[in-house]
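# Observations on chain architecture
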Amino acid sequence: MKFVAFSALALATSVSAFSPTAFAPRTSTSLSARKPFIAGNWKMNPGTKDEAVALGKEIAGAFSSSTPCEVALFAPYPFLDATVDAVGSSGVKVGAEMAFTEGKGAYTAEVSVSMIKSVGCNWALAGHSERRTLFGESDEDINKQVLNLLNNDVGCILCIGETQAEYEQGLVGPICTTQLKKNLLGVTPEQMANVVIAYEPVWAIGTGLTCPASEAQDVHATCRSVLADMYGQAVSDTVRIQYGGSVTPETVDELMAKPDIDGALVGGASLVAEKFSRIINFEEAKVSA
Ligand code: 13P
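Residues numbered from 1 in each chain as written. Predicted model: local features only at pLDDT ≥ 70, side-chain atom pairs only at ≥ 80, totals over all residues. Heavy atoms only, no water.

Keep this limit in mind: UniProt positions are given in the numbering used here, feature names are shortened, and annotations may be inferred rather than shown by experiment.
Naming follows an unreviewed UniProt entry, where the protein chain appears as Triosephosphate isomerase of Triparma strigata. In its Sequence similarities (unreviewed entry) section, UniProt records this for the protein chain: "Belongs to the triosephosphate isomerase family." Quoted verbatim from the Catalytic activity (unreviewed entry) field of the UniProt record, the comment on the protein chain reads "D-glyceraldehyde 3-phosphate = dihydroxyacetone phosphate".

Here it is in structure tokens:
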């Protein structure tokens, strides 16, 4: 648990809001825990439903009462239903990698929020860098997706992060600030209870180049201060910020020891049950923050 100062405002906003993950029960009005949250983003993998079911079952089998975090798997649409069945009552959540902004109609190939909810998914990603760069999603598109998810009581992991060129120009802070402000436009403080931020430097995704933990911590702290400007410190202190980009069993412990790193969004290593099992069962506080 990551303990943070907690105010009456945060209590008021959190108790009134629907929360698909729900923070750990609050026993004090002076402290709130940000329960770590580690998610696997399977992207366009694995190749078949049988493989997805086998992977979901193995990961669910590695999730236990001693696992120090919430766990979710973001699976391709055709496998959502089967993955929900595969994880069963383990407590592992299953989400969609995106949801379109319209409810229904003539939108060939798109998938709506009600569709993903109807197969047991209460989470979705928005703004993944592959959607931004390969499929041309704009900050405005992503903002519509975020609002649509939250207005339909679906939790949202909003992915942000700079490209290699932006990193080299020292633009990490401004890029993350702009994406947070544009992508969360219109999201209320109450709705922030259902938002998780994933900081994913694009240059670290799928490259084996993990952002050094101390650098990631600095960016997470910057993001939290931007959220404090937007929503107030009390709300900002309750928002979980994941790190994503080449997270492995070897790097997870040091990342998770940092005070503002509240979880991970894992691509490649989430496709290998043994690796992802070690990641979700990271060693708490074994590495000095
Ligand atoms: P990798 O862990 O493969 O770098 O992918 C990260 C990612 O894009 C998660 O959304």
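That covers the picture; the talk isn't over yet.
### Quick notes on the site of the ligand
Cut-off, in case you're wondering: Nearness is defined per residue: one heavy atom within 4 Å of the molecule or strand is enough. In protein, a polar contact requires one atom able to donate a hydrogen and another able to accept it; more generally it is a pair of N or O atoms within 3.5 Å, and residues adjacent in sequence count only if both atoms are side-chain atoms. The Shrake-Rupley method, run with a 1.4 Å probe, gives the accessible areas here. Residue values count only the displayed protein chains as cover.
Neighbouring the ligand are 13 residues; Lys43, His128, Gly206, Ser246 and Gly268 lie closest to it. Here an oxygen atom of the ligand and a backbone polar atom of Ser246 are 2.7 Å apart. Contacts to the ligand include Gly268, whose backbone N or O atom sits 2.8 Å from an oxygen atom. Protein contacts shield 94% of the accessible area of the ligand, which totals 300 Å² for the unbound molecule.

### Points about the nonpolar core
The condition that has to hold: Residue types Ala, Val, Leu, Ile, Met, Phe, Trp, Tyr and Cys, when buried and joined through side-chain atoms within 4.5 Å, form a set referred to as a nonpolar core. The buried label applies to any residue whose accessible area, calculated with a 1.4 Å probe on protein chains only, is under 20% of its type's maximum; exposed applies above 50%, and partly exposed to all values in between. The secondary structure listing takes helices from DSSP runs of H or I that are at least 4 residues long and strands from runs of E that are at least 2 residues long, numbered from the N terminus. For this analysis, residues touch if any pair of their heavy atoms sits within 4.5 Å.
By size, the foremost hydrophobic cluster in this structure holds 68 residues, and its most contacted members are Ile38, Leu184 and Ile197. Ranked by residue count, the leading element in this core is helix 9 (residues 213-231), at seven residues. Filtering out sequence-adjacent residues up to four positions away, Leu184 remains in contact with Asn143, Val146, Leu158, Gln179, Met192, Val195, Ile197, Leu227, Met230 and Tyr231. Residues Ala39, Trp123, Ala198 and Leu265 belong to the second largest nonpolar core, which totals 11 residues.

### What about the pattern of salt bridges?
Short version of the rule: Throughout this description, the term salt bridge denotes a Lys or Arg side-chain nitrogen within 4 Å of a carboxyl oxygen of Asp or Glu.
Taken as a whole and judged by the stated rule, the model has 10 salt bridges. In this structure, Lys93 engages Glu70 in a salt bridge whose closest nitrogen and oxygen atoms are separated by 3.6 Å. Pair noted here: Lys93 is in strand 5 (residues 93-96) and Glu70 is in strand 4 (residues 70-75), with a separation of 23 residues, a long-range link. Like Lys93, the residue Glu70 is buried in the burial classification. We note a salt bridge from Arg131 to Glu137, for which the minimum N-O separation is 3.0 Å.

### What to know about helix 6 (residues 139-151)
Worth spelling out the cut-off: Multiplying one less than the number of residues by 1.5 Å gives the expected span of a helix.
With 13 residues, helix 6 ought to run about 18 Å at 1.5 Å a step, and its terminal C-alpha atoms sit 18 Å apart, in line with that. Among the residues of helix 6, those classed as buried are Asp139, Ile142, Asn143, Gln145, Val146, Asn148, Leu149 and Leu150. Taken together, the buried residues of helix 6 touch helix 4 (113-118), strand 6 (123-126), helix 5 (129-134), strand 7 (155-160), helix 8 (172-183) and strand 8 (195-199). Just past helix 6, the residue Asp153 takes up positive phi, approximately 60 degrees.

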